[in-house]
Amino acid sequence: MSCLGIDTSNYTTSAAVCRPDGTGRNEGRLLTVREGELGLRQSDALFQHVKRLPERFAALREAGWLEGLEAVGASTRPRAVEGSYMPCFLAGESQGKVLAETLGVPFFAFSHQQGHIAAACWSAGRLDLLDCPLLAWHLSGGTTELLLVEPEGSNVRAACIGGTTDLSAGQLIDRVGVKLMLPFPAGRPLDALAAQSDSKAKFRVRLDGLRFSLSGMENKASDLIAKGEAPADVAKFTLNTLASVIVRCTDAALKEYPGLPVLCSGGVASNSQLRRVMSGAVFAQPEFSTDNAMGVAVLTDRRLRRGQ
């Protein structure tokens, strides 16, 4: 017996299964972005999801993970707040509802952000964190938010208390990466390039309470590239700066919310520099930091088991 989770974010098509014993499997595939471009139109993302979801289901079935499905869940919007909407999530929501209706099992809706939090806890072996208050970073291509997370039945409620006021961490990494002629998305390539530099240089981003801006950082990196700075040093400068402001913001938050555990989720949380400097935080395994459906499958299982 098992529960299926589906996530169709702007850049990854994913389907995952969670079993009652806590084991699970995720099958995901990045969407195709043309070389040199910084993203996809929603219509293109939706089209690719519709084509690729059957492949993800087939991979789970061939590995023996789709037998005895008891419930289906899907991420249906970016965040669990009023007005949060993105067309690409319609692919997972519609196919999930059809599958649940066909099988005669319940369908549960979650947000993409809730899925990230659950996936991070599951992959770190800390599902207990879903049942207590915590601070969580959601660091991705579309979001850089510091969240106050509290349990809400079998699910979690996340309130944004800090983060960026303009560019997300993922946008900064991708924009700098593309300027350095790296493939998109640039998270892993920029991380690997930065590892070739031992530079300690960074830009001190101004922290306003628990808020900060990254647009100035993009300009600084562009200036370094224009001046002919070594690509590895530019990459390291970018990640040093990003890691520094996240650490400072976290420390400030812990003064307001002392004693709470800190969780890091989202694709940028797989960055090795950030993991080194945030030594006291709980991190998802790298493959479950990026967009995936495992968290949705976990939340679906919790919802079913707890009868909520």
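Worth saying up front: this structure is predicted, and the values here are computed from it rather than measured.

Participant: What should I look at first to understand the overall build of the chain in this one?
Facilitator: Along the backbone of the chain there are 9 helices and 12 strands. Its C-alpha atoms give the chain a radius of gyration of 19 Å, within 12% of the compact-globule value 19 Å for 308 residues. Its C-alpha atoms give the chain principal-axis dimensions of about 60 × 45 × 35 Å. Relative to its full complement of 308 residues, the chain shows a buried share of 53%. Restricting to contacts in the chain with at least 6 residues of sequence separation, those with at least 24 account for 69%. Of the accessible surface of the chain, which amounts to about 13300 Å², a share of 51% is contributed by carbon and sulfur atoms.

Participant: So what exactly am I meant to see when it comes to the environment of Arg77 here?
Facilitator: Along the polypeptide, Arg77 turns up in strand β4 (residues 69–77). A sequence separation of 153 residues divides Arg77 from Ala230, and the C-alpha atoms of the two residues are 40 Å apart. The residues contacting Arg77, other than those within four sequence positions of it, are Ser84, Phe89, Phe110, Ser111 and His112. Side-chain polar atoms of Arg77 contact the backbone oxygen of Val81, separated by 3.3 Å.

Participant: How should I be thinking about the sheet that holds strand β3 (residues 24–30) in this particular structure?
Facilitator: Strand pairing in a sheet takes place through backbone hydrogen bonds and is either antiparallel or parallel in direction. Read from one edge to the other, the open sheet built from 5 strands follows the order β3-β2-β1-β4-β5, with strand pairing classed as mixed. Of all the strands in the sheet, the pair left with one neighbour each is β3 and β5 (107–111). Taken pair by pair, the neighbouring strands of this sheet meet at an average axis angle of 20°, ignoring direction. Relative to β5, β4 runs parallel, the two being bridged by 5 bridges. When the sheet's bridge partners are listed, Ser75 is paired in β5 with Phe110. In this fold helix α2 (residues 89–103) packs onto β1 (2–8), β4 and β5, with an angle of close to 160° to the strand it touches most, β4. Relative to β5, helix α3 (residues 112–123) is tilted by about 90°, and along the sheet it contacts β1, β3, β4 and β5.

Each value, and the rule that gives it
In every chain, residue numbers begin from 1 and rise along the written sequence. At least 70 in pLDDT is required for a residue's local features to be given in this predicted model, at least 80 for side-chain atom pairs to be given and counted, and no such filter applies to totals for whole chains, interfaces and linings, which use all residues. By convention in this description, side-chain values take in all heavy atoms of the structure and omit both hydrogens and water. Numbered from the N terminus, helices here are DSSP runs of H or I no shorter than four residues, and strands are runs of E no shorter than two. The quantity called the radius of gyration is restricted to C-alpha atoms. Its globule counterpart is 2.2 Å times the number of residues to the power 0.38. Working definition: with a 1.4 Å probe on protein chains only, accessible area under 20% of the residue-type maximum means buried, over 50% means exposed, and in between means partly exposed. For this analysis, residues touch if any pair of their heavy atoms sits within 4.5 Å. Per-residue accessibility takes into account occlusion by the displayed protein chains alone, with areas from the Shrake-Rupley method and a 1.4 Å probe. Pairing of N or O atoms within 3.5 Å defines a polar contact, subject to two protein rules: one partner must be a possible hydrogen donor and the other a possible acceptor, and residues neighboring in sequence count only if both atoms are side-chain atoms. For two strands to be treated as a pair, DSSP must find no fewer than two bridges joining them. As a rule, the C-alpha atoms of each element are fitted with a line to give its axis, helices using only the stretch in contact, and angles between N-to-C directions run from 0 to 180 degrees.

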